[in-house]
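# Architecture and fold: a report
In case you want the letters, here they are:
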Amino acid sequence: MNLFYQQGILPTATEIVFDKDESRHIHKVLRKKEGDQLHITNGEGYLFTTEILSSNPKSCIATVTETSLEQPLPYQLHMAVAPTKLNDRFEWFLEKATEIGITEITPIICDHSERKVIKKERYEKIIVSAMKQSLSCYLPKLNDAITFTAFMKLSHDENFKSIAHCENEPTKKALKNCIKPNFDSLLLIGPEGDFSKKEIKQAKDKDFTEVSLGDRRLRTETAAIVACHTFSVLND
């Protein structure tokens, strides 16, 4: 099954018109023709089963034969992760986190961050591709990059807020022992140089729980994926 993404499709839609790029992919790459079936999502949970009415490289049109609302994740996971020095590593995190299951991602610029500029448009394309690959009908939200201090000033309503860092603090708890099923969670993952002591204090002052992801020191993108998978497993 191939899953296509069309932003903004209403649940009541009866016909879907693809743009030029998607039409070319359908017609020339997949060699789809009139009468073939396509599955499309709007990224908001709806799955549209359609039948191609007309197929050409410039404009493909499909009629909706069935519409269903897919089940979302049983939990909400918002991860605020510092962009890595090597851009492809952060892109790898975006791809794998989308495949495993995540609802929101915020790139945070920290005191020790070596990358302070992100390519949001490219990141969004990677997330869309991963959503389609994993046959998910829910597109994770990608926020604009924000400084750690500014992020701390925002209102966070998640049931469980945590920060993963490498400092040896007696108050740290194992993440796997803190997660409760069906909870909305927010987790902070720092840059290659870890969070600064000032940032850790800021988070603690905002009632973030200090957590550990294990005994080994992990790269930023590895730590983020391990955490993402931990939430997934403990909510299964």
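Structure first, text after, so check above.
Sequence positions are assigned chain by chain, starting from 1 and proceeding in written order. Given that this is a predicted model, residues contribute local features only at a pLDDT of at least 70 and side-chain atom pairs are listed and counted only at 80 or more, while totals for whole chains, interfaces and linings are drawn from all residues. Heavy atoms from the whole structure form the basis of all side-chain values; hydrogens and water molecules are not counted.

Below, the discussion takes up the packing of helix H2 (residues 87-100) against helix H3 (residues 120-133). The N-to-C vectors of H2 and H3 enclose an angle of 35 degrees; their axes lie 8 Å apart at closest approach. In this structure, H2 crosses over H3, and the sense of that crossing is right-handed. The segment H2 lies against H3, with Asn87, Phe90, Glu91, Leu94, Glu95, Thr98 and Glu99 engaging Arg122, Tyr123, Ile126, Ile127, Ala130, Met131 and Gln133. Taken together, the residues of the contact of H2 with H3 break down into seven nonpolar, three polar and four charged. Working convention: axes come from line fits to C-alpha atoms, limited for helices to the stretch in contact. Angles between N-to-C directions cover 0 to 180 degrees. By the criteria applied, helices consist of DSSP H or I runs no shorter than four residues and strands consist of E runs no shorter than two, each listed in order from the N terminus. Should the near helix be turned anticlockwise from the far one by less than a right angle, the crossing is left-handed, and should it be turned clockwise, the crossing is right-handed. Contacts: residue pairs with any heavy atoms within 4.5 Å of one another. Under the convention adopted here, Pro, Cys and the residues Ala, Val, Leu, Ile, Met, Phe, Trp and Tyr are nonpolar, Asp, Glu, Lys and Arg are charged, and Gly plus all remaining residues are polar.

Moving on to the environment of Ile200. Relative to the assigned elements, Ile200 resides in helix H5 (residues 197-205). Judged by its relative accessible area of 5%, Ile200 is buried. Separated by 49 residues in sequence, Ile200 and Phe151 place their C-alpha atoms 13 Å apart. Sequence-distant contacts of Ile200, that is, excluding residues within four places in its chain, are made with Ile163, His165, Glu167, Phe195 and Glu210. Partly exposed describes any residue whose relative accessible area lies between the buried limit of under 20% and the exposed limit of over 50%, with all areas from a 1.4 Å probe on protein chains only and scaled to the type maximum.

The next subject is the side chain of Asn235. Relative to the elements of secondary structure, Asn235 occurs in the segment after helix H6 (220-234). Looking at Asn235, its side chain comes within polar contact range of the main-chain nitrogen of Asn182, at 2.7 Å. Beyond its immediate stretch of four places on either side in the chain, Asn235 contacts Pro74, Tyr75, Ile179, Lys180, Pro181 and Asn182. What qualifies as a polar contact is a pair of N or O atoms within 3.5 Å, subject to a donor-acceptor requirement within protein and to the restriction that residues adjacent in sequence count only when both atoms come from side chains.

Our next topic: H5. Helical geometry: 3.6 residues make up each α-helical turn, so side chains three or four residues apart lie on a common side. Within the sequence span of H5, burial applies to Glu199, Ile200 and Ala203. For H5, the angular spread of buried residues about the axis comes to 100 degrees, placing them on one side. Set apart from the buried face of H5 by more than 90 degrees, the exposed residues are Lys197, Lys198, Lys201 and Asp205. Tucked inside the fold, the buried residues of H5 contact helix H4 (148-153), strand S10 (160-164), strand S12 (184-189) and strand S13 (209-212). Comment: arc refers to directions from the helix axis out to C-beta atoms.

With that settled, consider the pairing of S12. Most of S12 sits out of view: five of its six residues are buried. By definition, two strands form a pair when at least two bridges between them are found by DSSP. In terms of strand pairing, strand S6 (residues 76-81) meets S12 through six bridges, oriented parallel. The partner of Ala80 across the bridge, within S12, is Leu188.

Let us look at the nonpolar core. The definition of a nonpolar core used throughout is a set of buried Ala, Val, Leu, Ile, Met, Phe, Trp, Tyr and Cys residues joined through side-chain atoms within 4.5 Å. Ranked by internal contacts, the top residues of the largest apolar core, which has 29 residues, are Met79, Phe93, Leu94, Leu175, Leu187, Ile189 and Phe231. Of all elements in the fold, only S6, H2, H3, S10, S12 and H6 reach the threshold of two or more residues within this core. In terms of residue count, the dominant contributor to this core is H6 (six residues). Not counting chain neighbours up to four residues away, the residues in contact with Ile189 comprise Met79, Ala80, Val81, Ala82, Ile108, Ala164, Phe195, Leu213, Thr220, Ala223 and Ala224. Ala80, Ile108, Met152 and Leu186 belong to the second-largest nonpolar core, a separate cluster that totals 14 residues.

The rule for a salt bridge is simple: a side-chain nitrogen of Lys or Arg has to be within 4 Å of a carboxyl oxygen of Asp or Glu. The tally for this structure, following the rule as stated, stands at 11 salt bridges. Across the pair Lys197 and Glu167 runs a salt bridge whose closest N-O atoms are separated by 3.1 Å. In this pair, Lys197 is assigned in helix H5 and Glu167 in the loop between S10 and strand S11 (173-174), connecting sequence segments 30 residues apart. With relative accessibility at 60%, the residue Lys197 sits in the exposed group.

Mapped onto the secondary structure, Pro11 falls in the loop between strand S1 (3-5) and strand S2 (15-17). Judged by relative accessible area, which is 38%, Pro11 ranks as partly exposed. The spacing of Pro11 and Ser134 is 123 residues in sequence and 21 Å in space, taken between C-alpha atoms. Once you skip the residues sitting within four places of it in the chain, Pro11 turns out to touch Tyr46, Phe48 and Thr67.

Shape descriptors only; they carry no functional weight alone.
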